[in-house]
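Listed below are the residues making up each chain.
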Amino acid sequence: MPHPPIFQTLRDIAPTISVGLLTADMLSVGSELGVLERTGVQLAHVDVMDGCFVPMMTLGPPWIRALKSRLLKDVHLMIQEPLTKVADYVAAGADMVTVHVESGPHIHRVLQLMGRMANINDGTRGLIRGVALNPGTPVETLDPLIDELELILLLAVNPGWGGQSFIPSTLRKLQKVRRMLADHQREVLVGIDGGVTKSNIADVAAAGADIIITGSAVFDGRAAEENALFMLSAVEPYRKRR
Ligand code: DX5
Ligand code: ZN
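Rules used throughout
- Residues numbered from 1 in each chain as written.
- Chains lettered and ligands numbered in written order.
- Predicted model: local features only at pLDDT ≥ 70, side-chain atom pairs only at ≥ 80, totals over all residues.
- Heavy atoms only, no water.
- Near = heavy atom within 4 Å.
- Polar contact = N/O pair within 3.5 Å; in protein donor to acceptor, adjacent residues only side chain to side chain.
- Areas by Shrake-Rupley, 256 points an atom, 1.4 Å probe, with all protein chains shown as cover.
- 1 Å grid on protein atoms, 1.4 Å probe; cavity = no way out; pocket = protein on both sides within 12 Å on 5 of 7 lines; lining within 4 Å.
- Sits in = over half its atoms within 2 Å of the grid points.
- Helix = DSSP H or I, 4+ residues; strand = E, 2+ residues; numbered from the N terminus.
- Nonpolar A, V, L, I, M, F, W, Y, C, P; charged D, E, K, R; others polar.
- Points joined across faces, edges and corners; volume = space filled by probe spheres on them.

Visitor: I'm lost on the site of ligand 1 in this one. Help?
Guide: Surveying the vicinity of ligand 1 reveals 18 residues, the closest of which are Gly160, Gly163, Asp193, Gly215 and Ser216. Measuring from an oxygen atom of ligand 1, one finds a side-chain N or O atom of His45 at 3.3 Å. The separation between an oxygen atom of ligand 1 and a polar main-chain atom of Gly160 is 2.7 Å. Within the complex, 99% of the 380 Å² of free accessible area of ligand 1 lies under protein. Judged by the proximity of its atoms to the pocket grid, ligand 1 belongs to the largest pocket. Elements with a contribution of two residues or more to the shell around ligand 1: strand E2 (43-49), strand E3 (72-78) and strand E8 (211-214). Here the shell around ligand 1 gets three residues from one element, more than from any other, and that element is E2. Classifying every residue of the shell around ligand 1 by side-chain character gives six nonpolar, 10 polar and two charged.

Visitor: In this structure, what is going on with empty space enclosed by the protein? I would like to understand it.
Guide: A water-sized probe rolled over the atoms picks out the places where empty space is left. Counted by the stated rule, this structure contains one cavity of 30 Å³ or more. Its boundaries defined by the atoms lining it, the largest cavity holds a volume of some 40 Å³. Every residue lining the largest cavity is listed: Leu21, Leu33, Ala44, Val46, Leu67, Ser69, Leu71 and Lys73. In the lining of the largest cavity, the residues fall into six nonpolar, one polar and one charged.

Rendered as structure tokens:
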């Protein structure tokens, strides 16, 4: 399937950050998004947890619909059986929807289904279909899915909580994914999610990640604006070299 226009938009700004809202002030999320907009951040990463695939629960489609922002909504579904649920997230205004390869028996069908859906924010934009891998899942599981996705999201922590430590072997996994994509001759965005801090973000960008999720290092309860600006400037040098 050819890439949608949103793919090129993201390709042009990669590497970039997608800021996780998990540790933002949920009761002031509108102004938290305003802070991100002022810094030039372009993606907001929304972690959806269902209390089954992961123990914690967060909010679902009505909350995503309520997020009023020009930021692209990067929705990471840590939920079981996304096949019957993914349409609600697209209808709520997701620009990117990532499902876990471990979350159900029909991931290929989920991707095919999303390939037929329109972006409700802008019908010409298209959707990014992402597949996430837990740290313990081998990259080979992606092989049959490559033609039906635009984003591979490698979890650098076990999903379920913000503020965990980065698992170093994720960077080796990233190299494996790059080799797999070269074999398939398909251009796909690669994201890294979890444990990205001010001290390791440059290493993650240097390793070739396109979209770097960073949550608690930005929304630390103190200086979100300053933190976001730091993270954006840390990845900037790697954009010029590509
Ligand atoms: C883990 C989530 C991540 C996480 C990122 O379950 O998918 O998006 O919240 O947060 P930090 O950057 O704090 O690891
Ligand atoms: Zn996430």
